[in-house]
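Take a look at the letters that make up each chain.
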Amino acid sequence: MMSTLTARAVLLDMDGTLVDSTAVVEKLWLEWAAPHGLERETVLHTVHGRQGWQSMALLLPERDPAINREENAQMLARESVEVDGVLEIPGATALLAALRDAPHAIVTSADIALMTARMTAAGLSIPELRITAESVTMSKPDPEGFLLAASALGIDAADCVVFEDSEAGIQAGLAAGMKVIGVGRLAFAHHPTHHVDDLTQIALTPTADGIEIVIG
């Protein structure tokens, strides 16, 4: 069943939304978790969508936050060079091309180096406006990143549509007062406004009044 939305700006998550980095993300996080005796499912449920230091704080709540920050920096550096197997989510190239002349931004929990490495590895163009880990004080599910992107674009939050895959990211978009299109088979369980299996189910057309988004 097809649905049509209108927006004035589109805000895009990266991992799981534009690029498929699941294999490398899960490999590195399970290696990090092994010495701590953490359950695989607990780790994988926690780490997607958040900044690494926040995931560490949730998984090891008694640990010194300074250690989390240090280990997160190490994790980001390693992730930035381990990009084998990072692929485009089907339809991402076409979606970014359609947005070329329309207001849009990438809003990711990755830092600028990791964002650049993964987008490049997937062969994707990088939006001019990039809200990364360095841009915010709070990680998703806090809405700060999405609200900052809307402000930078000069567009009301209610006129933005978010593309997200993770529970934390979907919660952040909804908390920002934005419509959220969940991407991927797992996104539906997190109650986005709309859901698609991948980005081939999206058609974007810039119009005089904004952006028309056809889903289905």
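Preceding this section is the structure that the text describes.
Rules used throughout
Sequence order as written defines residue numbering, which begins from 1 separately in each chain. Side-chain atom pairs in this predicted model are given and counted only at pLDDT of 80 or more, local residue features only at pLDDT of at least 70, and totals for whole chains, interfaces and linings cover all residues. The basis for every side-chain value is the complete set of non-hydrogen atoms in the structure, without hydrogens or water. To qualify as a helix, a DSSP run of H or I must reach at least 4 residues; to qualify as a strand, a run of E must reach at least 2; elements of each kind are numbered from the N terminus. A contact between two residues is defined here by any heavy atoms of the two lying within 4.5 Å. Two strands are said to pair when DSSP picks up at least two bridges between them. Every axis in this analysis is a line fitted to C-alpha atoms, fitted for helices over the stretch in contact. Angles between the N-to-C directions lie between 0 and 180 degrees. Take the buried residues of types Ala, Val, Leu, Ile, Met, Phe, Trp, Tyr and Cys, join any two whose side-chain atoms come within 4.5 Å, and each joined set is a nonpolar core. Throughout, exposure labels follow a simple rule: accessible area from a 1.4 Å probe, protein chains only, divided by the maximum for the residue type, with under 20% read as buried, over 50% as exposed, and the rest as partly exposed. Here a Phe, Tyr or Trp ring, Trp counted by its six-membered ring, pairs with any other such ring whose centre lies within 6.5 Å, and the pair is stacked when the planes are under 30 degrees apart, edge-to-face when over 60, and tilted otherwise. Lysine and arginine charges are scored as sitting over a ring when NZ or CZ, respectively, is within 6 Å of the ring centre and within 35 degrees of the ring normal. To obtain the arc, one takes the directions from the helix axis to the C-beta atoms.

Draft legend 1. Spatial organisation of the environment of Pro65. With respect to the helices, strands and loops of the structure, Pro65 is situated in helix α4 (residues 65–81). Sequence separation between Pro65 and Glu134 is 69 residues; the distance between their C-alpha atoms is 17 Å.

Draft legend 2. Local environment of the side chain of Ser80. Following the sequence through the fold, Ser80 ends up in helix α4. Residues contacting Ser80, with those up to four places away along its chain left out, are Asp111, Ala113, Leu114 and Ala117.

Draft legend 3. Geometry of the sheet that holds strand β8 (residues 179–183). Reading across the sheet, the six strands line up as β6-β5-β2-β7-β8-β9 and stay open at both edges, with parallel pairing between neighbours. Looking along the sheet, the strands with just one partner apiece sit at the ends: β6 (130–131) and β9 (194–196). Taken together, the two bridges between strand β5 (residues 104–107) and β6 define a ladder with parallel strand orientation. Residue pairing in the sheet places Ile106 in a bridge with Arg130 of β6. Contacts from helix α7 (residues 144–153) reach β2 (9–12), β5, β6 and β7 (160–164) within the one sheet, and its direction differs from that of β5 by about 155°.

Draft legend 4. Molecular detail of the nonpolar core. Counting residues in hydrophobic clusters, the biggest one holds 45 residues, and the most contacted among them are Leu18, Met119, Phe163, Ile181, Leu199, Ile202 and Ile213. A total of six residues in this core trace back to one element, the largest contributor, which is helix α1 (residues 22–33). Here Leu18 is in contact with Leu12, Asp13, Leu87, Glu88, Ile89, Ala92, Ile106, Met119, Leu124 and Leu199, once residues within four sequence places are set aside. One finds Ala105, Ala157, Cys160 and Val180 within the second-largest nonpolar core, a separate group that totals 19 residues.

Draft legend 5. Fine view of the pairing of strand β10 (residues 202–207). One ladder, built from six bridges, connects β10 with strand β11 (residues 210–215); its direction is antiparallel. The partner of Thr207 across the bridge, within β11, is Gly210. From the end of β10 to the start of β11, which pair antiparallel, there are two residues.

Draft legend 6. Quick look at the side chain of Ser109. Positionally, Ser109 belongs in the loop between β5 and α6 (112–121). The contact partners of Ser109, leaving out residues within four places of it in the chain, are Gly49, Arg50, Gln51, Ala133, Ser139 and Lys140.

Draft legend 7. Representation of the packing of aromatic side chains in the model. Scanning the model with the defined rule gives one aromatic pair in all. Residues Trp29 and Trp32 carry aromatic rings whose centres are separated by 5.2 Å and whose planes lie at 70° to one another, so their mutual orientation is edge-to-face. Pair noted here: Trp29 and Trp32 are both in helix α1, with a separation of three residues, about one helical turn. Here Trp29 and Trp32 have matching classes, each one buried. Arg69 extends its terminal NZ or CZ atom over the ring of Trp53, reaching a point 3.9 Å from the ring centre.

Draft legend 8. Broad picture of helix α3 (residues 52–59). Here α3 lies mainly inside the structure; six of its eight residues are buried. Looking at α3, one finds that the buried residues are Gly52, Trp53, Gln54, Ser55, Met56 and Leu59. At its buried positions, α3 is contacted by α1, α2 (40–47) and α4.

Draft legend 9. Structural context of α2. Listed as buried for α2 are Val43, Leu44, Thr46 and Val47. Take α2 and look down its axis: the buried residues cluster within an arc of 165°, on one side only. Of the exposed residues in α2, those oriented more than 90 degrees away from the buried face are Glu41 and His45. Structurally, α2 contributes buried residues whose contacts are with α1 and α3. At the C-terminal side of α2, Gly49 shows a positive phi close to 95°.

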